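Descriptive analysis of the structure
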Amino acid sequence: MFGKVRAWSARRGRLMDALRVAPVAVLCLLPAVPQVFYEPGGVTGYVFLTLVLLAPLFVWWRRPVAAFAGVALVSFGQWAASVDVLPANFVVLVALWAVAARSSFRWALAALLVAELGVFLALVRWDTPTLGMFTTGSILVVTVWLAGLYASTRRRYLESLEERARRAELERDQRAKMAAAAERARIARELHDVVAHHVSVMVVQADGAGYAIASDPEQARLAVRTISRTGREALAEMRRLVGVLREDEGAGGGTDYTPQPGLAQLEDLVRGAGVPATLRVTGTPGELPEGVQLAVYRIVQEALTNALKHGGPDARALVELDCRGSELVVRVTDDGRGAAAPLASGGHGLVGMRERVGMYGGEVSAGPRPGGGFEVLARLPVPRVRAA
């Protein structure tokens, strides 16, 4: 809200200058009201000189040095012409505060010296100068000057806090983007392995069909069907791979054509999770694409790792797979004490889960359970692979 107010004020600079001067003008012109009835002849000069003293204040917020110089020159002319002091002369202190608050220390010190000279000249012209009177006037001037310096220091401090907050927000967004990019690259590499495995299966089946086509046509026909099915799966995974991989990665390292883990390895994962866990499967998984199986495996792995890190020594976990219907539901819950602990960051937590599930049009949520503990829930609308 305050940011919007500052932006509105910046767009209407002249209006804001007038609003800042208005209360000062009212205070300075109020003493002229009785003169209208008791001394009408002096009202014109009083109002004119008051307005001349107030005029520089219309730029004091944007150009404080110029405003102070204008007020000081008018006051000096008033002193040279032996005109009595007016209530509007206190705008010298307002302009002094503005210079100290919004200009450099060099200009603030120069304005202080000019104001001290004005105190001395005023005492010489309109009163008998004494050390006590000069000290009293100087204390007032220095107090206003120090108040301006404090306002300047606080303004710079707040500006530095705003800049630090802006940088922290920018760095946070950059870290989130880097984590998402790293996770996308990791998922792409894993999908590459899945596709490579499919291609390897197709090559083996094609070789087998070539050898059996003469002696065992039925076996060759089955091999060709397997090649067709595996090819469709590989194309589907390749489309997702192209959608995930945003940048070309440099070559390096060997290629492992070993299949990635899937639903068949979930039981081993739950058994060796390091936290007492139970696997409960509802329905029949059937033949799911290997990319989906890999996503489910990684989601369960991340959730169990989170339970191990934050659940405490007595935590227990439950992994539930609901394979009924056209939607695959994965739910991992624990009863540990880490309900408020975030998932692991750095590309292996909730960011990674969302990336994996998002590729298949699903959704994932993670958070504390009402009765205690933590819950990770993922839904993947995955169609079954047609049997050959």
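Everything quoted here is computed from the prediction, not taken from an experiment.

Scanning the protein for helices and strands turns up 12 helices and 5 strands. Counting over 388 residues, the protein shows a buried share of 37%. When the accessible surface of the protein is summed, it comes to about 22600 Å², and 61% of that surface belongs to carbon and sulfur atoms.

Taken as a whole and judged by the stated rule, the model has 11 salt bridges. Where arginine 172 meets aspartate 173, a salt bridge forms, and the shortest distance between an N and an O atom there is 3.4 Å. In this structure arginine 172 comes out as partly exposed when scored by relative accessible area, which is 47%. Exposure remark for aspartate 173: the relative accessible area of 32% places this residue in the partly exposed category. For the salt bridge of arginine 324 with aspartate 322, the shortest nitrogen-to-oxygen distance reads 3.0 Å. Exposure remark for aspartate 322: the relative accessible area of 22% places this residue in the partly exposed category. Linked through salt bridges whose partners overlap, the residues forming this network are Glu163, Arg166 and Arg167.

On inspection of all chains with the given rule, the structure shows 3 aromatic pairs. Between phenylalanine 76 and tryptophan 79, the aromatic rings sit 5.6 Å apart at their centres with planes inclined by 25°, giving stacked as the arrangement. With a gap of 3 residues between them, phenylalanine 76 and tryptophan 79 both fall in helix α5 (residues 64-80), about one helical turn apart. Judged by its relative accessible area of 47%, phenylalanine 76 falls in the partly exposed class. Tryptophan 79 sits in the buried class, given a relative accessible area of 19%. Look at phenylalanine 120 and phenylalanine 134: their rings are 6.5 Å apart centre to centre, the planes differ by 80°, and that puts the pair in the edge-to-face class. Taken together, the residues phenylalanine 120 in helix α7 (residues 105-126) and phenylalanine 134 in helix α8 (residues 131-212) connect sequence positions 14 residues apart.

This brings us to α5. Helix length check: α5 (17 residues) gives 24 Å between terminal C-alpha atoms against 24 Å at 1.5 Å per residue, within 8%. Looking at α5, one finds that the buried residues are Pro64, Ala67, Phe68, Gly70, Val71, Ser75, Gln78 and Trp79. Check the buried side of α5 and you find it contacts α4 (43-54), α6 (91-102) and α7. Following α5 by one or two positions, serine 82 has its phi on the positive side, about 60°.

Rules used in this analysis
Residues numbered from 1 in each chain as written. Predicted model: local features only at pLDDT ≥ 70, side-chain atom pairs only at ≥ 80, totals over all residues. Heavy atoms only, no water. Helix = DSSP H or I, 4+ residues; strand = E, 2+ residues; numbered from the N terminus. Buried < 20%, exposed > 50% of the residue type's maximum accessible area, 1.4 Å probe, protein only. Areas by Shrake-Rupley, 256 points an atom, 1.4 Å probe, with all protein chains shown as cover. Salt bridge = Lys/Arg side-chain N within 4 Å of Asp/Glu carboxyl O. Phe/Tyr/Trp six-rings, centres within 6.5 Å; stacked < 30°, edge-to-face > 60°. Expected span 1.5 Å × (residues − 1). Contact = heavy atoms within 4.5 Å.

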